[in-house]
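Okay, here's what each chain looks like letter by letter:
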Amino acid sequence: MRNLEKLGDAAVAALAAAGVERLLPEAASPYLLIAEHAGNAVPAPWRDLGLAEPYLDTHFAVDIGVDALTRRLSQTLRAPAVIARYSRLFLDYNRPADEWDFMRPDLGGIPVPGNLAADAADARLRKLVAWAPVEQAIIEAATGRRALISVHSFTPVMGGVRRNVDIGVLWREQSPFVTSVLKTLRTQGVEAGFRIGDNEPYDWRQAVGYTQNRHGLQQGRPCLYLEVRNDLLADPETFERISRLLEDAFATVAMSLWPQSAAAV
């Protein structure tokens, strides 16, 4: 299906450059926003992994609504952001390389042809074009930041069970940052009509989260995963309400914890 061995250094470098986007790198905010699942692109040599185009628009391939939400938060909070452009089906940056869904072989039972026979050479190329540039961008952008926020979205129903959360705050280690975010979002969220989850709909203490383990906890930086119900982000009116809630909440937290560095927020 592919002639990956014919990719030269220049082609690999070009694919890597296209795999990540950096927003407001010079901004003075205490926050760094990270969107590992914002994109649904597959580099051309991999030919959409053998999938029909509609599959690349599903939550298996991309966190629906996260690209727009991250850009909005970056602008209004004046915070730098790192956005991964390639689909998590191609390579999931938020998973360790030894996890099955680092290059997942199926979509809930539907095979991903391009991932079924990926060999070591294929995996190495994917890491060069999709993993390495995101890793480097986060390392550079995280320098001097007080907290990391990884932005994600989730489906309202999983395994036939409806999730009774609109916005989730996922954490592994408590910190003044996590505590303040939860308290502020709960207060403001109730007023705005949204249900705020504490380690819901996922419990990070029971799950894998490479990004924030690597760049947050292991570096001594406060961090969390922010999860927003994707159907709410698909509605323009609700998107606006959620964006304003998150902007106000994170600005309030920044001013409370780091008033000097939060001046630009």
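The name an unreviewed UniProt entry assigns to the chain is N-formylglutamate amidohydrolase, from the organism Mesorhizobium vachelliae.

K.L.:
Explain the overall build of the chain residue by residue, including any values.
P.N.:
The helix and strand tally for the chain stands at 8 helices and 11 strands. The globule rule puts the C-alpha radius of gyration for 265 residues at 18 Å, and the 18 Å found for the chain is close to it. With the C-alpha coordinates aligned to their principal axes, the bounding extent of the chain is approximately 55 × 40 × 30 Å. Each of the 265 residues in the chain was classed as buried or not, and the buried ones make up 52%. Looking at the chain alone, contacts between residues at least 24 apart form 81% of all its contacts between residues at least 6 apart. As displayed, the chain has an accessible area near 11600 Å², and 53% of this comes from carbon and sulfur atoms. Placing the 28 positive and 32 negative side-chain charges of the chain at their respective mean positions leaves the two points 2 Å apart.

K.L.:
Any chance you could break down empty space enclosed by the protein for me, citing the residues and the numbers?
P.N.:
Under the counting rule described, the total for this entry stands at 1 cavity of 30 Å³ or more. Taken as a whole, the largest cavity holds about 50 Å³ of empty space. In this structure, the largest cavity is lined by G19, E36, A84, R85, Y86, S87, L91, Y93, A130 and V134. Taken together, the residues that form the lining of the largest cavity break down as 6 nonpolar, 2 polar and 2 charged.

K.L.:
Break down the environment of H152 for me, citing the residues and quoting the values.
P.N.:
Considering the arrangement of structural elements, one finds H152 in strand 6 (residues 147-154). Sequence separation between H152 and L69 is 83 residues, and the spatial gap between their C-alpha atoms is 9.3 Å. If we skip the residues at most four places from it in the chain, H152 touches E36, H37, D63, V66, N94, Y225, L226, E227 and V228. Within polar-contact distance, the side chain of H152 engages the side chain of H37 at 3.4 Å.

K.L.:
Outline the nonpolar core, listing residues and values.
P.N.:
Y31, I149, I167, F177, L246 and F250 are the most contacted members of the largest nonpolar core, which has 39 residues in total. For this core, the element with the highest residue contribution is helix 8 (residues 236-257), accounting for 8 residues. Beyond its immediate stretch of four places on either side in the chain, Y31 contacts A79, P80, R145, A147, I149, F177, F250, V253, A254 and W258. Counting 21 residues, the second-largest nonpolar core is a separate cluster that includes L4, A61, F90 and V129.

K.L.:
Summarise the sheet that holds strand 11 (residues 223-229); cite the residues concerned and give the values.
P.N.:
What the 7 strands build is an open sheet, ordered 1-3-2-6-11-9-10; its pairing is mixed. The sheet terminates laterally at strand 1 (20-23) and strand 10 (196-198), the two strands that pair on one side only. In this sheet, adjacent strand axes meet at a mean angle of 20° when their direction is disregarded. As paired elements, strand 9 (residues 167-170) and strand 11 share 4 bridges and run antiparallel to each other. Residue pairing across strands places L170 opposite Y225, the latter belonging to strand 11. With respect to the sheet, helix 5 (residues 176-192) is in contact with strand 2 (31-35), strand 6, strand 9, strand 10 and strand 11, its orientation differing from that of strand 10 by roughly 150°.

K.L.:
Tell me about the layout of surface pockets, and please be specific about residues and values.
P.N.:
In this structure, the largest pocket encloses a volume near 610 Å³. In terms of lining residues, the largest pocket is bounded by 24 residues, among which H37, R88, R95, D101 and Y202 are the most central. Residue composition of the lining of the largest pocket, by class: 9 nonpolar, 7 polar and 8 charged.

K.L.:
With reference to specific residues and values, describe the packing of helix 1 (residues 9-17) against helix 4 (residues 120-142).
P.N.:
Where helix 1 meets helix 4, the axes come as close as 8 Å, and the angle between the chain directions of the two elements is 35°. Note that helix 1 runs across helix 4; the crossing there is right-handed. Residues V12, L15 and A16 of helix 1 pack against L125, L128, V129 and P133 of helix 4. Here the contact of helix 1 with helix 4 is built from residues that sort into 7 nonpolar, no polar and no charged.

K.L.:
Account for helix 4, naming residues and giving values.
P.N.:
At K127, helix 4 is deflected by roughly 40°, the largest bend along its length. Sitting at the head of helix 4, D119 places a side-chain oxygen 3.2 Å from the backbone nitrogen of A121. Positive backbone phi, at 85°, marks G144, one or two positions downstream of helix 4.

K.L.:
Tell me about the pattern of salt bridges, and name the residues and values.
P.N.:
What the rule picks out here adds up to 16 salt bridges. Across the salt bridge formed by R88 and D63, the nearest N and O atoms sit 3.1 Å from each other. Linking R88 in the loop between strand 3 (81-84) and strand 4 (106-107) with D63 in the loop between strand 2 and helix 2 (66-77), this pair joins segments that are 25 residues apart in sequence. Like R88, the residue D63 is buried in the burial classification.

About the thresholds
- Residues numbered from 1 in each chain as written.
- Predicted model: local features only at pLDDT ≥ 70, side-chain atom pairs only at ≥ 80, totals over all residues.
- Heavy atoms only, no water.
- Helix = DSSP H or I, 4+ residues; strand = E, 2+ residues; numbered from the N terminus.
- Rg over C-alpha atoms; globule rule 2.2 N^0.38 Å.
- Buried < 20%, exposed > 50% of the residue type's maximum accessible area, 1.4 Å probe, protein only.
- Contact = heavy atoms within 4.5 Å.
- Areas by Shrake-Rupley, 256 points an atom, 1.4 Å probe, with all protein chains shown as cover.
- Lys, Arg positive; Asp, Glu negative; His and termini not counted.
- Charge placed at Lys NZ, Arg CZ, Asp CG, Glu CD.
- 1 Å grid on protein atoms, 1.4 Å probe; cavity = no way out; pocket = protein on both sides within 12 Å on 5 of 7 lines; lining within 4 Å.
- Points joined across faces, edges and corners; volume = space filled by probe spheres on them.
- Nonpolar A, V, L, I, M, F, W, Y, C, P; charged D, E, K, R; others polar.
- Polar contact = N/O pair within 3.5 Å; in protein donor to acceptor, adjacent residues only side chain to side chain.
- Core = buried A, V, L, I, M, F, W, Y, C linked by side-chain atoms within 4.5 Å.
- Pairing = 2+ DSSP bridges.
- Axes fitted to C-alpha atoms, helices over the stretch in contact; angles between N-to-C directions.
- Left-handed = near helix turned anticlockwise from the far one by under 90°.
- Bend = angle between axes of the 7 residues up to and from the residue.
- Salt bridge = Lys/Arg side-chain N within 4 Å of Asp/Glu carboxyl O.

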